Amino acid sequence: IFGIFYAVLISFFVMHVWAKFNSISSEISKQVNALKNVYILSKQLSSHTLTQELKMILSNYTDEIVINLWNDKGNYEELNKKYLKLAYHFNDAHFETKADEIVFSHLIGEINNSSIAQSNLINLITDKTPKILWILLLLLSTVLIGSFIFLGFQNQLVATILITLVSAVTALVVALIFDIDTPLQAGFWNISSEPYRELKKFVQKN
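Quick notes on the rules
- Residues numbered from 1 in each chain as written.
- Predicted model: local features only at pLDDT ≥ 70, side-chain atom pairs only at ≥ 80, totals over all residues.
- Heavy atoms only, no water.
- Phe/Tyr/Trp six-rings, centres within 6.5 Å; stacked < 30°, edge-to-face > 60°.
- Helix = DSSP H or I, 4+ residues; strand = E, 2+ residues; numbered from the N terminus.
- Buried < 20%, exposed > 50% of the residue type's maximum accessible area, 1.4 Å probe, protein only.
- Polar contact = N/O pair within 3.5 Å; in protein donor to acceptor, adjacent residues only side chain to side chain.
- Contact = heavy atoms within 4.5 Å.
- Core = buried A, V, L, I, M, F, W, Y, C linked by side-chain atoms within 4.5 Å.

Chemist: Let's hear about the packing of aromatic side chains: which residues, and what values?
Modeler: A complete count under the given rule lists 7 aromatic pairs for this structure. Judged by centre distance (5.1 Å) and plane angle (55°), the ring pair of F13 and W134 falls under tilted. Taken as a pair, F13 in helix α1 (residues 2-42) and W134 in helix α5 (residues 131-149) lie far apart in primary sequence, 121 residues in all. The same class applies to F13 and to W134, which are both buried. Pairing Y39 with F202 gives two aromatic rings, centres 6.3 Å apart and planes at 80°, and the pair type is edge-to-face. Placement of the pair is Y39 in helix α1 and F202 in helix α7 (residues 194-205), with a sequence separation of 163 residues. In this structure Y39 comes out as buried when scored by relative accessible area, which is 1%. Judged by its relative accessible area of 23%, F202 falls in the partly exposed class. In this structure an aromatic cluster arises from ring pairing among F13, W134 and F178.

Chemist: Could you give an account of the side chain of S141, naming the residues involved and the relevant values?
Modeler: Mapped onto the elements of the fold, S141 is located in helix α5. One polar contact links S141 to Y6, side chain to side chain, over a distance of 2.8 Å. With near-sequence residues (within four places) excluded, S141 lies in contact with Y6, T170 and V174.

Chemist: Give me the lowdown on the nonpolar core, citing residues and values where you can.
Modeler: Residues I28, I65, F90, L121, L137 and Y196 are the most contacted members of the largest nonpolar core, which totals 50 residues. Among the elements that line this core, the one with the most residues is α1, at 13 residues. With near-sequence residues (within four places) excluded, I65 lies in contact with Q31, W70, L79, L121 and Y196.

Next comes the structure, spelled out in structure tokens:
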């Protein structure tokens with residue numbers, strides 16, 4: 001009964017952290033694609049000054065988001081300021097042709113998509129796994145290992161091998177869950193900041 005309960009808890013825990021891991025990766029892709037589209041669309045406008053200014057704004061924003069999310073700076077207020085500068089960049093734009101107005105409507109749509117992706121991304125990152133779940137997981141893992149230690153084994157070698165295997169597997173499972181639960185930090189399972197760096201390179205080269 002205890003083994004079944006422990007297996008159900010582990011399954012729930014893994015599904016929870018893995019879903020968050022995939023959601024973070026998805027929101028990063030959505031935002032990077034939206035920002036890339038913003039830059040590409042801006043090049044279709046008649047005013048090249050707007051595009052040149054946008055290039056600097058996007059570069060600053062990508063630097064800021066990498067510093068905040070991957071270097072664990074956590075200064076989301078500064079990040080939001082940089083994003084608002086991007087969002088308000090086209091407020092005073094003057095349209096010379098009908099095509100500019102059409103491009104501008106698509107620009108606003110991509111900026112909106114980027115804003116939603118950033119909000120979802122920050123919410124997912126700040127939404128930490130409750131400590132009570134970690135306490136429960138560690139407690140049950142300890143009880144599981146302890147229950148094998150106090151079982152009566154007639155063969156000491158078999159007892160040693162079995163307890164070592166159970167301890168190793170349990171420790172690996174807990175380590176795996178912790179690794180996936182912190183996807184922006186270094187580990188076996190982590191999400192790279194490369195999409196934002198690639199976006200900055202794309203903007204600077206084009």
